[in-house]
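Spelled out from the first residue to the last, the chains are:
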Amino acid sequence: MLFYRSALALSRRTLHFVAGLIRRHRRTIGSAWRKLDPARQALLVLAHLRKAETYADLGAGFDISTTTAWRYVGETVELLAERAPKLRSALKKAKADGHAYLILDGTLIPIDRVAADRPYYSGKHRHHGMNVQVLATPSGDIVWVSGALPGSVHDTKAAWIWQIVAELERSGWIVLADKGYHGVGGLLTPYKGRDKPESQKQANRAHAKLRAPGERANAQLKSWKVLRKLRSCPHRAGQLAKAIHALQNRELEANQG
């Protein structure tokens, strides 16, 4: 077996953040000695999330078993997901930051499934996956990430299940969304239909221009390669997305600092 050195495009501040979570968790549960210290475990987890390194490769590189690598990743992802903002607090922070409106969009986390698994098949994306709802700022930064639902769940139903619209209306937000949310009260969506009058076409172009940065938020999630095609249990997609949101917040703070 050959080994090589590699790099992660992440800040040291993010590594310290993850290592701190692990260190405090070990103290809380009274964990005995482990083969990897908190910093090495944090690095292992970041390599898995950012580069989709397999558990077998991680185990070999860090001189631990595949099972131990899997356990370390699962433990840390759970800790990170708990640090992701809840919807109400995320909306309060966005308002305090002075954003004029928000963008709601759904994204599909592809999964490794066969055609027989119809609940996971998204007709919109023509792929098996898990539906995750994402709220973004006008500049394209992630505000909030939902849990995951089977890919066959429509965006409108997902918004209802996660009670997104009710919370947005309660907070008085202006929210832009694509045609997939047409008919959902409280959301501003483009006009539908053919042969629209010029005024509606102009409104749709303006709407699309304002909504476009929302795609950047989804791209931020997918920059973590583990979400480009999930090969573990599909229902881990939501926890992984929330964990990555917590990490993205740290990266944003590091870049602003």
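Quick caveat: nothing in here was measured; it's all calculated off a predicted structure.

What counts as what
Residues numbered from 1 in each chain as written. Predicted model: local features only at pLDDT ≥ 70, side-chain atom pairs only at ≥ 80, totals over all residues. Heavy atoms only, no water. Salt bridge = Lys/Arg side-chain N within 4 Å of Asp/Glu carboxyl O. Helix = DSSP H or I, 4+ residues; strand = E, 2+ residues; numbered from the N terminus. Buried < 20%, exposed > 50% of the residue type's maximum accessible area, 1.4 Å probe, protein only. Arc of directions from axis to C-beta. Contact = heavy atoms within 4.5 Å. Phe/Tyr/Trp six-rings, centres within 6.5 Å; stacked < 30°, edge-to-face > 60°. Lys NZ or Arg CZ within 6 Å of the ring centre and 35° of its normal. Patch = residues over 30% accessible without salt bridge, like charges linked within 9 Å, V, L, I, M, F, W, Y side chains within 5 Å. Areas by Shrake-Rupley, 256 points an atom, 1.4 Å probe, with all protein chains shown as cover. Lys, Arg positive; Asp, Glu negative; His and termini not counted. Charge placed at Lys NZ, Arg CZ, Asp CG, Glu CD. Core = buried A, V, L, I, M, F, W, Y, C linked by side-chain atoms within 4.5 Å. Axes fitted to C-alpha atoms, helices over the stretch in contact; angles between N-to-C directions. Parallel < 35°, antiparallel > 145°, perpendicular 65-115°, else oblique. Left-handed = near helix turned anticlockwise from the far one by under 90°. Nonpolar A, V, L, I, M, F, W, Y, C, P; charged D, E, K, R; others polar.

### A closer look at the pattern of salt bridges
Stage number 1. One pass over the full model with this rule turns up nine salt bridges.
Stage number 2. With its nearest N and O atoms 2.8 Å apart, the salt bridge here joins Arg34 to Glu75. Highlighted residues: Arg34 in the loop between helix H1 (12-29) and helix H2 (38-51) and Glu75 in helix H4 (residues 66-82), separated in sequence by 41 residues. No difference in accessibility class separates Arg34 from Glu75, as the two residues are buried.
Stage number 3. Residues Glu198 and Arg205 are paired through a salt bridge, measuring 2.9 Å at the closest nitrogen-oxygen approach.
Stage number 4. We classify Glu198 as partly exposed; its relative accessible area is 42%.
Stage number 5. Overlapping salt bridges bring together Arg13, Arg250 and Glu253 as one network.

### Here we look at unusual backbone geometry
Stage number 1. Phi at Asp63 is positive, roughly 60 degrees, even though this residue is not glycine.
Stage number 2. Looking at the element boundaries, Asp63 is found in the loop between helix H3 (55-62) and H4.
Stage number 3. For Asp63, a relative accessible area of 53% corresponds to the exposed category.
Stage number 4. Unlike most non-glycine residues, Asp195 shows phi in positive territory, near 55 degrees.
Stage number 5. Structurally, Asp195 can be placed in the loop between strand S5 (175-176) and helix H8 (198-211).

### What about H3?
Stage number 1. Listed as buried for H3 are Tyr55, Leu58, Gly59 and Phe62. Projected down its long axis, H3 shows its buried positions confined to an angular sector of 100 degrees, all on one face.
Stage number 2. In this structure, the buried residues of H3 make contact with H2 and H4.

### Notes on the packing of aromatic side chains
Stage number 1. Counted under the stated rule, the structure contains zero aromatic pairs.
Stage number 2. Taking NZ or CZ as reference, Arg50 lies 4.7 Å from the ring centre of Trp224, over its face.
Stage number 3. The side chain of Lys95 reaches across the aromatic face of Trp173, ending 5.4 Å from its centre.

### Examining a positive patch on the surface
Stage number 1. A surface patch of positive charge is lined by Arg23, Arg24, Arg27 and Arg83.
Stage number 2. Within the secondary structure layout, Arg24 lies in helix H1.
Stage number 3. Relative accessible area serves as the criterion here: at 41%, Arg24 is assigned to the partly exposed category.

### Some thoughts on the nonpolar core
Stage number 1. Ranked by size, the top nonpolar core spans 45 residues in total, and within it Val18, Leu44, Leu49, Leu80 and Leu247 carry the most contacts.
Stage number 2. When contributions to this core are tallied by element, the ones reaching two or more residues are H1, H2, H3, H4, strand S3 (127-136), strand S4 (142-150), helix H9 (214-222) and helix H10 (237-256).
Stage number 3. Residues contacting Leu49, with those up to four places away along its chain left out, are Val77, Leu80, Trp224, Lys225, Val226, Leu240 and Leu247.
Stage number 4. Listed in part, the 19 residues of the second largest apolar core include Leu102, Leu135, Ala177 and Tyr181.

### Observations concerning the packing of H1 against H10
Stage number 1. Interaxial distance between H1 and H10 falls to 9 Å at its minimum, and their mutual angle equals 135 degrees. On the basis of the axis angle, H1 is oblique to H10. For the pair H1 and H10, the crossing hand works out as right-handed. Across the interface between the two elements, Arg13, Thr14, Phe17 and Val18 of H1 pack against Ala246, Leu247, Arg250, Glu251, Glu253 and Ala254 of H10.
Stage number 2. Along the lines of polarity and charge, the residues of the contact of H1 with H10 split into five nonpolar, one polar and four charged.

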